[in-house]
Amino acid sequence: MKRRLAREIAVQSLYQMEMNEVTAEEAVDMLMEEARQQDNELGAHPAEAAKVNAFTRELVFGVIERKSAIDQMLQQYLTGWQVDRLSRVDRQVLRLACYEILFRDDVPPKAAINEAIELAKHFGTDESGKFVNGVLGKLISTIKQSNEESQLRVDE
């Protein structure tokens, strides 16, 4: 639950940065402050919010640091779409998931995809979950294929 909350706050922070042109620090601070309130819109217990602060920041700053590489990677799997033409919610969910899949070792890819689908359903449209699943499914398939080919070369 704690990581889910961190991801929710991270997606909202990334969204705030794009919508309101605030810094990552400002966006995370604002949303963490909201989460610490007794009656917050996230439905989070204030003590839980304090526990996810560091992980939330790791996610947000990780996405921001690698945004260009993430967007280039995403573009390869967006058939008929451009990253900048996606809905803001779908774009942030996909960026977060790609960051976790490609740049973090502590999150199994399937878990990152499942979390992304749930975030897309929660924050996006009725079709967002399916769309995110399709894009990330293509990414994972390519990664698996690449890993298998690398293993074959090592075995030869």
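These figures come from a predicted structure and were not determined experimentally.

1. Some words on helix H1 (residues 2–20)
Link 1 in the chain: Over its 19 residues, H1 runs 26 Å from end to end, which matches the ideal 27 Å to within 8%, given 1.5 Å per residue.
Link 2 in the chain: Taken residue by residue, H1 has Leu 5, Ala 6, Arg 7, Glu 8, Ile 9, Ala 10, Val 11, Ser 13, Leu 14 and Met 17 as its buried positions.
Link 3 in the chain: The inward-facing, buried residues of H1 contact helix H2 (24–35), helix H3 (46–65), helix H5 (88–103) and helix H6 (109–123).

2. What about the pattern of salt bridges?
Link 1 in the chain: Applying the stated criterion across every chain, the model contains 15 salt bridges.
Link 2 in the chain: With a closest N to O distance of 2.3 Å, Glu 18 and Arg 91 form a salt bridge. With Glu 18 in helix H1 and Arg 91 in helix H5, the pair connects residues that are 73 residues apart, well separated along the chain.
Link 3 in the chain: Residue Arg 91 is classed as buried on the basis of its relative accessible area of 7%.
Link 4 in the chain: In this structure, the salt-bridge partner of Arg 95 is Asp 71, at a minimum N-O distance of 2.8 Å. Of this pair, Arg 95 sits in helix H5 while Asp 71 is found in helix H4 (residues 67–75), placing the two residues 24 residues apart along the sequence.
Link 5 in the chain: Given the relative accessible area of 6%, Arg 95 is considered buried.
Link 6 in the chain: Residue Asp 71 is classed as buried on the basis of its relative accessible area, which comes to 16%.
Link 7 in the chain: Taken together, the shared-partner salt bridges connect Glu 18, Asp 71, Arg 88, Arg 91 and Arg 95 into one network.

3. Thoughts on the nonpolar core
Link 1 in the chain: Within the largest apolar cluster, 47 residues are counted, with the highest numbers of intra-cluster contacts made by Ile 9, Leu 74, Val 93 and Leu 136.
Link 2 in the chain: Counting only elements with at least two residues in this core, the list comes to H1, H2, H3, H4, H5, H6 and helix H7 (128–155).
Link 3 in the chain: With residues up to four places along the chain from it excluded, the contact list for Val 93 reads Val 11, Ala 116, Leu 119, Ala 120 and Val 132.

4. Here we look at the packing of H1 against H2
Link 1 in the chain: The geometry of H1 relative to H2 is characterised by a closest axis approach of 9 Å and an angle of 135° between their N-to-C directions. Taken together, H1 and H2 sit at an angle that is classed as oblique. Handedness of the H1/H2 crossing: right-handed. From H1, Ile 9, Gln 12, Ser 13, Gln 16 and Met 17 reach across to H2, where they touch Ala 24, Ala 27, Val 28, Met 30, Leu 31, Met 32 and Ala 35.

5. As for the environment of Glu 26
Link 1 in the chain: Within the secondary structure, Glu 26 sits in helix H2.
Link 2 in the chain: You can call Glu 26 partly exposed: its relative accessible area is 44%.
Link 3 in the chain: In sequence terms Glu 26 and Ser 13 are 13 residues apart; their C-alpha atoms lie 8.7 Å from each other.

6. Focus on the environment of Lys 2
Link 1 in the chain: For Lys 2, the location among the structural elements is in helix H1.
Link 2 in the chain: As for Lys 2 and Val 52, which are separated by 50 residues in sequence, their C-alpha atoms are 6.2 Å apart.
Link 3 in the chain: Among residues more than four places away in sequence, those in contact with Lys 2 are Lys 51 and Val 52.

Thresholds applied
- Residue numbers restart at each chain and count upward from 1, following the sequence in its written direction.
- With pLDDT at 70 or above as the cut-off, local features in this predicted model cover only qualifying residues; side-chain atom pairs require 80 or more to be listed or tallied, and sums for whole chains, interfaces and linings still use all residues.
- For side-chain calculations, the full set of non-hydrogen atoms in the structure is used, while hydrogens and water are omitted.
- Numbering of helices and strands starts at the N terminus; helices are DSSP runs of H or I of at least 4 residues and strands are runs of E of at least 2.
- A helix's residues, less one, multiplied by 1.5 Å, set its expected span.
- Summary of the burial criterion: residues with accessible area below 20% of their type's maximum are buried, those above 50% are exposed, and those between are partly exposed, where the area comes from a 1.4 Å probe applied to protein chains only.
- Whether two residues touch is decided by their heavy atoms; if any such pair falls within 4.5 Å, the residues are in contact.
- Salt bridges are identified by distance alone: a Lys or Arg side-chain nitrogen within 4 Å of an Asp or Glu carboxyl oxygen.
- What is meant by a nonpolar core is a set of buried Ala, Val, Leu, Ile, Met, Phe, Trp, Tyr and Cys residues, joined one to another through side-chain atoms within 4.5 Å.
- Axis definition: a line fitted to C-alpha atoms, limited for helices to the stretch in contact. Angles are taken between N-to-C directions and run from 0 to 180 degrees.
- Working definition: roughly parallel below 35 degrees, roughly antiparallel above 145 degrees, roughly perpendicular at 65 to 115 degrees, and oblique for all remaining angles.
- Each crossing gets its handedness from the near helix: less than a right angle anticlockwise from the far helix is left-handed, clockwise is right-handed.

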